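These are the residues of each chain, in order.
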Amino acid sequence: MLSIDAQLSELNSIARERGITVVRTFTESKSAKEPGREIFNDMLRRIERGEANAILSWKLDRIARNFDDGGKIIGLLQRGVIQEIRTFEKTYLPTDNVLMIAVEFGMANQYVRDLSLNIRRGIREKIRRGIYSWKAPLGYFNEPRLRTIEPHPEYFDKVKKLLERFATGTLSLTGFQRELKAAGVVGERSKKPLVLSAIGHVLRNPFYYGVFLHKGEMHQGVHVPMISKKTFDDIQKALVTVGKPRRRREEKNLVFLNFATCAECGYSITGERHIKKSGLRFHYYRCTHKSREQRCPATTFIRQEKLAEEVKRNAELVLIPDEWKEKFLAKIETWETETSIEKQQKIDSLKAELALLKTKIDRVNKAFTEGAIDIAEFKELKNPMVALKADLEQQIVVLEGSKINRLEPLKKWILEANTAQNDVFSDNWLGMKSFLEKVGSNRLLRAQTVTVSFKKPFDLLAETNVTVRNAPIDFSANSVWWSRQGSNLRHPQCHCGALPTELRPHPEWRLI
Ligand SMILES: [Zn+2]
C-alpha cells in the first residue's frame, strides 16, 4: 500500500493528465470506520455549496468506510451533485449502477470489520501465549512493569496452605473464610475479608493450577501455579461435600453435631442439651425427624458419652498402630529402591506422550489462526488437550521430584491412619470426628450404634483390624505376610496418587 504522499502525487498526476482542477485536497489519517468525521463532513458541505462537483480519490474506501457515509456519497452522486467519483482504478458516474457502488462501500465496511477481527485475533494470540491480562487472583499480584502475574510476596503461601487444607475436605467454606481472615489475607481493593461468594470463586478458579479460562476456552498460563491439578480436583470434590455454609453455629459442647445421619430415614442427627431437675446437664443426640414423606421410626436418644464411645470404636477400626507403621515403612523402603527404574520408564513414556500432544495443540492453533476451523471447533478440540497437557506436565513433575514415587501415597496413607492413634489416645473428639468424616463416606446412627461406610482402602483396614482382633494368636503366620507376595501391595500403574487397592495385610498376620 502506498503512503498518503505517494497516493497524492499519483492522483495529482491523473488530474494534470485529464485536465481536472483540484479545488481542495483532503487527507485524514483517522480511521474512517466511525461516521461523523469532521473532514469528511467539511468535504460534503463544500460539494453541496457547489465548490466542486467531483471527487478524486485513491480508492472508494478512502472516502467512506461505513454505510452512513457511503450512503451520503451515493445520494449526492444520484442527485448529480457529485457528477463523478474517480479513483485510481475506476470512474463512478451518476448513471452507474448504484448497487454496485453500494457493494463497494459495503466491502469497505467488511474490510474494517475484518480488521477489527484481526485485532481481536491479536488479543487471542496473546492469550494463546499464556498471558493472563486481567486482575490477579487472590495470592497473586499484577506486576506493573512486566505486565505479568506474580506470586504475592505475603499472601501466596498462606492461600496455598489453605487451599491444600480445603482439598482434604476438613474445612468448611466459612472455616476457609475464617482462616483467611486470621492469616490477614484481605481483598486487594476492599482491604476487607472476602465474602463467601468470592471464596467460592477462589476455590473454583483453575488459574491456581496453571491454566485460565477466557470466553469458555481453556489456556495454559505462563504464571507460577499455586497448587497441582490433583489438589484442584480434590477442592472441587470437597466443595460438593462441604456444600453450602452451615447456618447453625456449632455449639461448643455438642461436638457431634452434623456428624451422623439417621439410619432409618437418612435425615441428620441433631444434638440437644438437657438439664435435669437435679441441675445435672447432659447432652444427647436424636433424629431431626425432618422427613415429610415418612414418619421416622427412630424415637430413641443416644447420650453423648455413648456416641463418643461409638466414634472411638470406629476410629480404632481404621487406625494403624505404631508398631504396624514401623514395619510397613521399613518394607516400603526396600520396595522404593526397586521402583526407580520403572519410574524412569514411566517418565520417558509420559514425555513422549506430551511431545505428541504439543504437536497436536500446535496443529489446532495453526488451523484456527489460518481460519481452517471455527471458534466452536477450536474450543472443542483444544480445551481437553490443554487440560490433558497440564495433567501430563504435572505427572512428570511429580515423578521427577526424585524422592516422590508411587509408594508415596501408600506411605502417606500409613502415616495418616497412624495419626488417628494420637486422637484416640488423647480423646480428641474433634480429631476423631474429622478423621472419620474423611475416611468414611457415610455415618449412620441406628439405635445406639454408629456404622461408618469406609472408603478404600480404609474398608480393608477395618476388615483386617476386626479379623486380627478376633483371631486366635498365632505368631507363625508372620512370614506369610512379609513374603514376596507383598509386592502385590504396589498398584501396577500407580503414578496417579490413587492408593493401591490390593493393600491388605494378610488376615493372619499380627504383631509380636
Ligand atoms: Zn430418622
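Scroll up to find the structure this text is about.
This one's a predicted model, so the numbers in the text were calculated from it and none came from an experiment. (Residues numbered from 1 in each chain as written. Predicted model: local features only at pLDDT ≥ 70, side-chain atom pairs only at ≥ 80, totals over all residues. Heavy atoms only, no water.)

K.L.:
So what exactly am I meant to see when it comes to the coordination of the zinc ion here?
P.N.:
Geometry sets the ideal angles at a metal, namely 109.5 degrees for four tetrahedral donors and 90 or 180 degrees for six octahedral donors. The zinc ion binds to the protein through C262 (SG), C265 (SG), C287 (SG) and C296 (SG), with metal-donor distances spanning 2.2 to 2.3 Å. What the 4 donor atoms of the zinc ion show is an angle range of 96 to 118° at the metal, which sorts the shape as tetrahedral. Coordination of the zinc ion draws on donor residues from a single chain, spaced C-x2-C-x21-C-x8-C in sequence. With respect to class, C262 is no different from C265; both count as buried. (Donors = N, O, S within 2.8 Å, 3.2 Å for Na, K, Ca; no water. Tetrahedral: all angles 85-135°; square planar, octahedral: opposite > 155°, others 65-115°. Buried < 20%, exposed > 50% of the residue type's maximum accessible area, 1.4 Å probe, protein only.)

K.L.:
Help me understand the side chain of R443 in this model?
P.N.:
Looking at where R443 falls in the secondary structure, it is placed in strand β12 (residues 440–446). As a buried residue without a salt bridge, R443 has its nearest oppositely charged side chain in E437, at a separation of 4.5 Å. A distance of 3.3 Å separates the side chain of R443 from the backbone oxygen of G440, its partner in a polar contact. The residues contacting R443, other than those within four sequence positions of it, are F259, A260, T261, L436, E437, T451 and V452. (Helix = DSSP H or I, 4+ residues; strand = E, 2+ residues; numbered from the N terminus. Lys, Arg positive; Asp, Glu negative; His and termini not counted. Salt bridge = Lys/Arg side-chain N within 4 Å of Asp/Glu carboxyl O. Polar contact = N/O pair within 3.5 Å; in protein donor to acceptor, adjacent residues only side chain to side chain. Contact = heavy atoms within 4.5 Å.)

K.L.:
Got a minute to help me understand helix α10 (residues 304–317) in this structure?
P.N.:
Because an α-helix completes one turn every 3.6 residues, residues spaced three or four positions apart along the sequence face the same direction. Compared with an ideal rise of 1.5 Å per residue, which puts 14 residues at 20 Å, α10 spans 20 Å between its outermost C-alpha atoms and is within 8% of the ideal. For α10, every residue scored as buried is listed here: Q304, L307, A308, E310, V311, N314, A315 and L317. (Expected span 1.5 Å × (residues − 1).)

K.L.:
Explain the pattern of salt bridges to me, please; I cannot follow it from the model alone.
P.N.:
A side chain of one charge can pair with a side chain of the opposite charge when the charged atoms of the two come close. In total, this model carries 21 salt bridges according to the counting rule given. Among the ionic pairs, E51 bridges to R49, the shortest N-O distance being 3.2 Å. With its nearest N and O atoms 3.5 Å apart, the salt bridge here joins E305 to R303. Looking at E305, the relative accessible area reads 46%, which means it is partly exposed. When its relative accessible area of 41% is taken as the criterion, R303 is described as partly exposed.

K.L.:
When you look at the packing of helix α6 (residues 156–167) against helix α9 (residues 229–242) in this model, what are you seeing that I'm missing?
P.N.:
Two quantities define a packed helix pair, namely the angle between the helix axes and the distance between the axes. Running from N to C, α6 and α9 cross one another at 60°; their axes reach a closest spacing of 7 Å. The angle between the axes of α6 and α9 places the two elements in the oblique class. Of the two possible hands of crossing, α6 and α9 adopt the one that is left-handed. On the side of α6, the interface is formed by L163, E164, F166 and A167, while α9 contributes T231, D234, I235, A238, L239 and V242. Split by residue class, the contact of α6 with α9 holds 7 nonpolar, 1 polar and 2 charged. (Axes fitted to C-alpha atoms, helices over the stretch in contact; angles between N-to-C directions. Parallel < 35°, antiparallel > 145°, perpendicular 65-115°, else oblique. Left-handed = near helix turned anticlockwise from the far one by under 90°. Nonpolar A, V, L, I, M, F, W, Y, C, P; charged D, E, K, R; others polar.)

K.L.:
What exactly am I supposed to notice about the packing of helix α13 (residues 408–425) against helix α14 (residues 429–439) here?
P.N.:
Running from N to C, α13 and α14 cross one another at 150°; their axes reach a closest spacing of 9 Å. Between α13 and α14, the interaxial angle falls into the category roughly antiparallel. The element α13 and its partner α14 pack so that their crossing is left-handed. For the pair formed by α13 and α14, the contact residues are E416, A417, A420, D423 and V424 on the first element and G431, M432, F435 and K438 on the second. Tallied by class, residues from the contact of α13 with α14 come to 5 nonpolar, 1 polar and 3 charged.

K.L.:
Even after reading the chapter, I still don't get the environment of L392, so can you show me in this structure?
P.N.:
Structurally, L392 is set in helix α12 (residues 375–400). What makes L392 buried here is its relative accessible area of 3%. Sequence separation of L392 and E353 is 39 residues, and the distance between their C-alpha atoms is 8.1 Å. Residues in contact with L392, not counting those within four places in the same chain, are L350, E353, L354 and L357.

K.L.:
Sorry if this is basic, but what is going on with the side chain of T87 here?
P.N.:
Position of T87 among the secondary structure elements: in strand β2 (residues 84–87). Setting aside its immediate chain neighbours within four residues, T87 contacts S57, W58, K59, L60 and Y92.

K.L.:
How do you make sense of α12 when you look at a structure like this?
P.N.:
The terminal C-alpha atoms of α12, which comprises 26 residues, lie 36 Å apart, in line with the 38 Å expected from a rise of 1.5 Å per residue. Where α12 bends most, at K382, the angle is about 25°, and the proline P384 comes one to four residues later. Sitting at the amino-terminal end of α12 is D374, which places a side-chain oxygen 3.2 Å from the backbone nitrogen of A376. (Bend = angle between axes of the 7 residues up to and from the residue.)

K.L.:
Would you mind going over the packing of aromatic side chains with me for this structure?
P.N.:
Here the distance between the centres and the angle between the planes together describe a pair of aromatic rings. Per the counting criterion, the structure on display carries 14 aromatic pairs. Ring geometry for Y140 and F156: centres 5.4 Å apart, planes at 85°, overall edge-to-face. Of this pair, Y140 sits in strand β4 (residues 140–143) while F156 sits in helix α6, placing them 16 residues apart in sequence. Owing to a relative accessible area of 11%, F156 belongs among the buried residues under this scheme. (Phe/Tyr/Trp six-rings, centres within 6.5 Å; stacked < 30°, edge-to-face > 60°.)

K.L.:
Honestly, the sheet that holds strand β3 (residues 91–92) in this entry has me stumped. Any pointers?
P.N.:
Whether parallel or antiparallel, the strands of a sheet pair through hydrogen bonds between backbone atoms. Read across the open sheet, the 3 strands follow the order β1-β2-β3; overall the sheet is mixed. Two strands close off the open sheet at either side, each with one partner strand: β1 (54–57) and β3. As paired strands, β1 and β2 are joined by 4 bridges and run parallel to one another. From the neighbouring strand, S57 faces β2, where its bridge partner is T87. (Pairing = 2+ DSSP bridges.)

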